[in-house]
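Residue-level structure breakdown
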Amino acid sequence: MWQASLAPLANRNFRLFFIGQTTSTLGNAFTSVALAFAVLQTTGSVADVGLALAATRIPLLLFVLLGGVVGDRFSRRAVMLASDAARFISQGIGAALLISGRARFWELIVVFAVHGFAQAFFNPASVGLIPALAAGENLQEANALLDFARSGAGTIGLLLGGALVTLVGPGLAFAIDSSSFLISALALAGLHLPSTTLAVKTATTLAADLRSGWAEFTSRSWLWIGTLHVSLLNAFALVGFFALGPVVAARNLGGGYAWGLVAAAFALGMMGGSAVALRAKPRHALRASFAAIALAAPLLVLLAVAAPLPAVAVGAFLAGGQSSFWGALWTTTIQREIPPGALARVASYSQVGSLVLAPIGFALVGFAAAKVGVAAILWFGAAWIIGSTAVVLTLSSIRTHETLEPASATG
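In what follows, the accompanying structure is described. (Residues numbered from 1 in each chain as written. Predicted model: local features only at pLDDT ≥ 70, side-chain atom pairs only at ≥ 80, totals over all residues. Heavy atoms only, no water.)

As a further point, take the pattern of salt bridges. Applying the stated criterion across every chain yields a total of eight salt bridges. Arg345 is the salt-bridge partner of Asp72, the closest N and O atoms lying 2.7 Å from each other. With a gap of 273 residues between them, Asp72 in helix α3 (residues 46-73) and Arg345 in helix α14 (residues 343-355) connect regions that are remote in the sequence. Accessibility assignment for this pair places Asp72 and Arg345 in one class, buried. Asp147 is the partner of Arg150 in a salt bridge, and the nearest nitrogen-oxygen pair spans 3.8 Å. Residue Arg150 and its partner Asp147 are located together in helix α6 (residues 139-168), separated by three residues, close to a single helical turn. According to the relative accessible area criterion, Arg150 is partly exposed, its value standing at 26%. Taken together, the salt bridges that share partners define one network made up of Asp72, Arg76 and Arg345. (Salt bridge = Lys/Arg side-chain N within 4 Å of Asp/Glu carboxyl O. Helix = DSSP H or I, 4+ residues; strand = E, 2+ residues; numbered from the N terminus. Buried < 20%, exposed > 50% of the residue type's maximum accessible area, 1.4 Å probe, protein only.)

Right, let's talk about the packing of aromatic side chains for a bit. Tallied over the entire structure, the rule returns 14 aromatic pairs. Relative to Trp330, the ring of Trp222 lies with its centre 5.7 Å away and its plane at 80°, an arrangement referred to as edge-to-face. In this pair, Trp222 sits in helix α9 (residues 221-253) while Trp330 sits in helix α13 (residues 309-337), placing the two residues 108 residues apart along the sequence. A relative accessible area of 6% means that Trp222 is categorised as buried. The class for Trp330 is buried, based on a relative accessible area of 4%. Seen from their ring centres, Phe236 and Phe380 are 6.5 Å apart, and the 70° between their planes marks the pair as edge-to-face. One end of the pair, Phe236, is in helix α9; the other, Phe380, is in helix α16 (residues 374-394), with 144 residues separating them in the sequence. Look at Phe236 and you get partly exposed, because its relative accessible area is 37%. (Phe/Tyr/Trp six-rings, centres within 6.5 Å; stacked < 30°, edge-to-face > 60°.)

Among the secondary structure elements, Ala390 is positioned in helix α16. Residue classification places Ala390 among the partly exposed positions, given a relative accessible area of 41%. Taking the C-alpha atoms as reference points, Ala390 and Ile293, separated by 97 residues in sequence, lie 10.0 Å from one another.

A few words now on the nonpolar core. Within the largest apolar cluster, 50 residues are counted, with the highest numbers of intra-cluster contacts made by Leu223, Phe241, Phe290, Trp330, Ile334, Leu378 and Ile385. A total of 11 residues in this core trace back to one element, the largest contributor, which is α9. For Leu378, the residues in contact, after removing those within four places along its chain, are Gly240, Leu244, Val248, Leu300, Leu303 and Ala304. By size, the runner-up hydrophobic cluster in this structure holds 33 residues, among which are Ala134, Leu191, Leu278 and Phe325. (Core = buried A, V, L, I, M, F, W, Y, C linked by side-chain atoms within 4.5 Å. Contact = heavy atoms within 4.5 Å.)

And the structure:
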């Protein structure tokens, strides 16, 4: 049964890419734990931790559209190699600064910003490259395998990273992350791809390329509606889990240990959702993926009523599962239906559109919870998930959309 699901791994190119991406995800998980401790070790300020997190995310949001243009104009492998090289250097510098004990806060901010900047170019190019690494009939399996491995590597990295930071400090975690990008770059360099590159479009300016990518994005109602739906979910609902979940854990579930178990259950659920996506081949992929989003609502309800920890963990497992299941089917649909020459730009518009409202949600959720209470915000989030998803499923562009054969791949 699983032979077909694992078929992409029989392809040497995809196997190398899979190894590189799994390794870099593992390294990133180490530094996601170490970042806060690196800042606290340097300045001792909790406020500075928030600034450091912003330093990694703001460049990603600001430059991901440019990353999409570059990923469609030039060799995607070359773009990804340059991104990996930049992160290998930046994380290595961060490791040296922290291990030497001479790190200054502004230096760490530069390290974090370079990482976010490089990721803004890597992500769209990666979405565009995958169809060239996996046969069209195995594209969904390829995306699901990557999601499964990333979820597993992320979980292991979080657990090991926490222990490593506690025992020896954050510097070594940054060194491991730097090495992971070197391995990813070597894997990319080993790919055997056609020597041809994407032809430069007739539009020769950045603005023209952005306009043509936007035209591709907005010409498909299922694409912009789905992106808007996820963006509003992030702003109105899922920020409740990430921002208020730890508050509930501290008040009612037993503190940080309990929240660690909930986070682990969410990560395991992501692996489970990816495993389902390996086998499920729904005719109406968008309908199935958006219907699965409703599985995120029980988690917010369980947090709102301060349910026992095992029940909250089950809710987290379901929420993680819907996240990766939706992600695999959504990415595959984009890769199959967008012309190869516009794929990186469309992926960048989808990514920035999905994330752009989340910072606003994070900024406001604390104030809203102080006014009406944590439970009320969580109830509102659960109701928004169910109500908005039900509305989206009534729209013909989502409800009747059928999976198409993939667009022809290109090197």
